[in-house]
Amino acid sequence: MLANPESPSLPNRPNQVFVSRNLRLDQISIIGFDMDYTLARYHRKHLETLAHRITLDKLLKRGYPDAIKSIKYDPDFVIRGLTVDKQLGNILKLDRHSHVGHVFHGRRKLTNEERRKVYRSEKIHFEPPRFATVDTLFSLPEMCLYADLVDFFEQYDGPKIDNWQLFVDTRECIDEAHKDNSLKSIVTADLPHYVEKEPMLAKTLHKLRSSGKKLFLLTNSYYKYTDKLMSYLLNDELSEYPAWQAYFDVVIVGASKPGFFTKNEPFAKLDEDGTIIERPIKKFERSGLYQGGNRKSFEKFVRYSGEEILYVGDHIYGDILRSKKASLWRTALVVEELEDEITIISENTDLISKINLLEKERRELDALANLQRQELSSMEKAEEKTQETSVYSRLKKDRDRIKRQLRQVSKRINTLETQLEQQFNKNWGLVFKEGQETSRFGKQVNDYACLYTSRVTNFFGYSNYQYFRGAPELLPHEQT
Ligand SMILES: [Mg+2]
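None of these values were measured; they are calculated from a predicted model.

Below, the discussion takes up the overall build of the chain. Counting its regular elements, the chain contains 15 helices and 21 strands. Scored against the burial criterion, the 480 residues of the chain give a buried share of 36%. Long-range pairs, those at least 24 residues apart, make up 75% of the contacts in the chain with a sequence separation of at least 6.

Strand pairing in a sheet is mediated by backbone hydrogen bonds. Such pairs are either parallel or antiparallel. On the basis of which strands lie adjacent, the open sheet formed by 10 strands has the order 1-20-17-16-3-11-12-15-13-14 and mixed pairing. Pairing within the sheet leaves two strands with one partner each, and these edge strands are strand 1 (17-19) and strand 14 (276-278). The sheet shows a mean angle of 30° between the axes of neighbouring strands, direction not considered. Taken together, the four bridges between strand 3 (residues 30-33) and strand 11 (residues 214-218) define a ladder with parallel strand orientation. Each bridged residue has a counterpart across the sheet, and for F33 the counterpart in strand 11 is L217.

Across the sheet, which stays open at both edges, the five strands sit in the order 8-7-6-5-9 with antiparallel pairing between neighbours. Edge positions in the sheet fall to strand 8 (108-109) and strand 9 (131-134), since each of these pairs with one other strand and no more. The pairing of strand 5 (residues 82-85) with strand 6 (residues 90-94) spans three bridges and is antiparallel. Along strand 6, the bridge assignment pairs V84 with I91. Sitting on the sheet, helix 3 (residues 140-155) touches strand 5, strand 6, strand 7 (100-105) and strand 9, and the angle it makes with strand 5 is about 35°.

In this section: the domain arrangement of the chain. Annotation of the chain at the domain level lists domain 1 (14-41 + 196-340), domain 2 (44-191) and domain 3 (349-422). One C-alpha centre belongs to domain 2, the other to domain 3; they are set 41 Å apart.

So, on to unusual backbone geometry. Cis peptide bonds are those with omega within 30 degrees of zero, and the linkage from P128 to P129 qualifies with 5°. You can see P129 is positioned in the loop between helix 2 (112-119) and strand 9. Unlike most non-glycine residues, Y37 shows phi in positive territory, near 65°. By the element assignment, Y37 lies in the loop between strand 3 and strand 4 (41-42). Take Y37: there are 20 C-beta atoms within 10 Å of it, and that puts it in the buried class. Here N181, not a glycine, exhibits a phi torsion of approximately 80°, which is positive. As for its position among the elements, N181 is in the loop between helix 4 (163-179) and helix 5 (182-189).

For the rest of this paragraph, the subject is the packing of helix 3 against helix 4. Between two packed helices, both the angle of their axes relative to each other and the distance between the axes serve to describe the pair. Remark: helix 3 packs on helix 4, axes separated minimally by 10 Å, with the N-to-C direction vectors making an angle of 145°. In the packing of helix 3 onto helix 4, the handedness of the crossing is right-handed. In this structure, helix 3 uses E142, L145, Y146, L149, V150 and F153 to contact helix 4, whose residues at the interface are N163, L166, F167, T170, R171 and I174. Grouping the amino acids of the contact of helix 3 with helix 4 by side-chain chemistry returns eight nonpolar, two polar and two charged.

Thresholds applied
- Residues numbered from 1 in each chain as written.
- Predicted model: local features only at pLDDT ≥ 70, side-chain atom pairs only at ≥ 80, totals over all residues.
- Helix = DSSP H or I, 4+ residues; strand = E, 2+ residues; numbered from the N terminus.
- Buried ≥ 20, exposed ≤ 12 C-beta atoms within 10 Å, placed from the backbone.
- Contact = placed C-beta atoms within 7 Å.
- Pairing = 2+ DSSP bridges.
- Axes fitted to C-alpha atoms, helices over the stretch in contact; angles between N-to-C directions.
- Domains from an automatic or database assignment.
- Left-handed = near helix turned anticlockwise from the far one by under 90°.
- Nonpolar A, V, L, I, M, F, W, Y, C, P; charged D, E, K, R; others polar.

Rendered as structure tokens:
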């Protein structure tokens with residue numbers, strides 16, 4: 001049957017909303033949004049280059065050698081979802097079983113042998129304080145700078161700074177850059193250069209509101225910055241909304257997530273200039289502007305709780321994992337890399353099926369080679385092992401042939417995998433995969449985000465009655 005050209009159609013795959021846990025949009029009463037990298041998408045290279053430069057300047061002010069000035073930002077060096085080993089100065093990519101895949105020491109990729117020696121000789125828990133994860137796009141410039149500093153100090157003749165301290169200093173400086181306005185003042189002075197204006201954003205929020213849903217903004221950014229960004233994105237977009245605040249029933253800035261979900265900070269009420277006028281507050285008012293606060297009081301004030309609330313953010317830890325662990329809120333994660341990742345996957349379906357077939361062949365050859373090994377070894381034990389026994393030597397020859405085949409297949413898989421991965425990122429491959437496995441980041445998304453999508457405006461492609469249904473999960477024995 002031909003589709004009716006007049007009738008609505010589903011969004012293209014890169015712009016779909018993906019489902020880890022079923023969610024009925026008509027059962028959601030109030031939807032919250034984070035701002036940075038969620039409602040506000042940045043021109044990443046511009047913002048990251050700026051953050052890198054400011055962090056470098058701050059390190060110089062702390063007395064780091066002048067020669068680090070020549071370090072340049074390489075936007076393609078790292079991706080989201082990596083793990084830093086502060087002790088060894090390494091950056092790693094883990095799969096869902098915490099098996100270490102790719103590893104870089106500074107900017108040099110470790111060989112397989114080096115990698116195994118460091119991370120496979122004992123059980124390691126990839127947790128703080130030794131390990132830190134790179135889970136927001138804001139962290140990418142810091143990671144790149146860290147890798148360059150590790151290399152720099154290894155070559156440097158002057159006083160050394162150890163890998164752990166380098167990480168601490170870099171993180172402190174970039175945190176400072178975000179807090180002390182050095183970054184934000186430059187961004188707000190030239191918003192079009194740093195912030196992507198999305199034509200569908202106002203329409204998407206309006207569409208969600210049109211079925212009677214309430215919306216709220218919950219951001220860690222403070223009022224002045226929030227006001228500048230949101231004005232740029234939403235003011236003068238739709239005539240029904242005199243200013244950006246009108247899209248939201250409640251606006252909460254300086255929320256200190258993830259503490260917002262787990263602690264008990266009081267709410268403060270702000271006036272139109274962002275000055276605190278009441279703290280703690282007695283009640284919420286429609287279109288009120290608040291700072292700080294906590295989840296429990298929020299639920300009491302808005303009179304919605306648990307599964308009636310959907311929160312949309314881009315930070316797997318601060319927005320999604322914490323809220324999921326502390327409450328029954330439903331969650332949606334924005335992962336902008338999805339668009340590229342899906343496009344690359346759809347352009348390489350032949351390559352991917354080749355890899356899958358070779359993987360199947362590898363499993364079978366491997367099992368066969370091991371059966372042969374066992375057989376040979378029992379013959380040896382039974383002292384049937386004589387060079388002259390034709391059964392023994394035939395079996396041995398056959399096993400050598402199978403092992404050669406196995407090596408060839410493994411080599412072929414590696415070549416094809418690298419070919420696929422390099423299209424996304426030449427150092428690390430895909431964000432959601434590590435080799436044939438789901439990456440640790442991919443697992444976290446699947447475990448904690450009910451929905452995930454590449455941008456907020458993808459919700460425009462669905463009705464307000466959408467039943468987001470996940471595909472049935474298949475255990476290994478159910479897969480054919
Ligand atoms: Mg954010």
